[in-house]
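# Understanding the architecture of this molecule
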Amino acid sequence: FDDASNSWSLAGELGFGIDAPGANLNLKLDSKGRPYVAVIGYAENSSLEGSSAVHVFRLDDSGEHFEAVGPPCGVDDRVITSDEAGYREIAALALDGNDVPHVAYRGRDRNGKVCVRRYDATIDEWLPVGALGFSPGRGVEAEDDYISLEFQGLMPVVAFRHGCSAGNACDPPNSTLQVWAWY
């Protein structure tokens, strides 16, 4: 937004060149004010099967184009998208104190539980932060949603609503708010 002209201007070009319905659009600014955007979209997993993943982009140094931050994240976990009516946060983007992007999402191949990954630019990969699919309930299909991810310095903190699919015994019971800190 430009205060002087009281108008909005486009950052970079329109679109990101991926098949994305715009689900779970997330925006964060790094310490220099450069925007990072994450969106759930289509990708192929390591078996070349179609899957959903979190795509992360950042505005390049020219300020004219968005560039991909690594490969799609979580593609082999098959990121879950919400096909229910209404809005549900099922993926989140955050930058740590060193501007390293992290994402949290629900993984279909992780029993619908929360997964957190960080981008490692030296190897151009999204690495797990702790165990993937770490929310409670051994062997149950979870329905973790409304995921939020933030940082306290370099420590990620993730919050989400934890629930279980119908027919699964869930401990703790359905629709409980869970807050987890990874140290």
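Residues numbered from 1 in each chain as written. Predicted model: local features only at pLDDT ≥ 70, side-chain atom pairs only at ≥ 80, totals over all residues. Heavy atoms only, no water.

### Observations concerning the pattern of salt bridges
Inspection of the entire model under this criterion finds seven salt bridges. Glu-150 is the salt-bridge partner of Lys-28, the closest N and O atoms lying 3.1 Å from each other. One end of the pair, Lys-28, is in strand E1 (residues 26-29); the other, Glu-150, is in strand E9 (residues 145-152), and 122 residues separate them in sequence. Given the relative accessible area of 24%, Lys-28 is considered partly exposed. Take Glu-150: its relative accessible area is 42%, and that puts it in the partly exposed class. Note that Asp-30 is salt-bridged to Arg-34, the shortest N-O span being 3.3 Å. The partly exposed category is assigned to Arg-34, whose relative accessible area is 22%. (Salt bridge = Lys/Arg side-chain N within 4 Å of Asp/Glu carboxyl O. Helix = DSSP H or I, 4+ residues; strand = E, 2+ residues; numbered from the N terminus. Buried < 20%, exposed > 50% of the residue type's maximum accessible area, 1.4 Å probe, protein only.)

### Quick notes on the pairing of strand E5 (residues 91-95)
For E5, the buried fraction is high: five of the five residues fall into the buried class. Because side chains alternate across E5, one face comprises the buried residues Ala-91, Leu-93 and Leu-95, and the other comprises Ala-92 and Ala-94, equally buried. Two elements, E5 and strand E6 (residues 101-107), share five bridges in a ladder whose sense is antiparallel. If you follow Leu-95 over to E6, its bridge partner there is Pro-101. Turn length for the E5-E6 hairpin, with the two strands adjacent in sequence and antiparallel, is five residues, and the turn residue Asp-99 shows positive phi of about 65°. (Pairing = 2+ DSSP bridges.)

### Section: the side chain of Asp-77
Locating Asp-77 in the fold gives a position in the loop between strand E4 (66-68) and E5. By relative accessible area, which is 1% here, Asp-77 ends up buried. Residues in contact with Asp-77, not counting those within four places in the same chain, are Tyr-105, Gly-107, Arg-108, Asp-109, Arg-110, Cys-115, Arg-117 and Leu-132. (Contact = heavy atoms within 4.5 Å.)

### A closer look at unusual backbone geometry
Working note: non-glycine residues mostly have negative phi, and peptide bonds are mostly trans. Although it is not a glycine, Asn-6 sits at a positive phi angle of roughly 55°. With a relative accessible area of 60%, Asn-6 lands in the exposed category. If you check the backbone angles, Asp-99 has positive phi at about 65° while not being a glycine. By secondary structure assignment, the location of Asp-99 is in the loop between E5 and E6.

### Considerations on the side chain of Arg-117
You can see Arg-117 is positioned in strand E7 (residues 113-120). Overall, Arg-117 belongs to the buried group, its relative accessible area being 12%. Separated by 3.0 Å, the side chain of Arg-117 and the backbone oxygen of Trp-126 make a polar contact. (Polar contact = N/O pair within 3.5 Å; in protein donor to acceptor, adjacent residues only side chain to side chain.)

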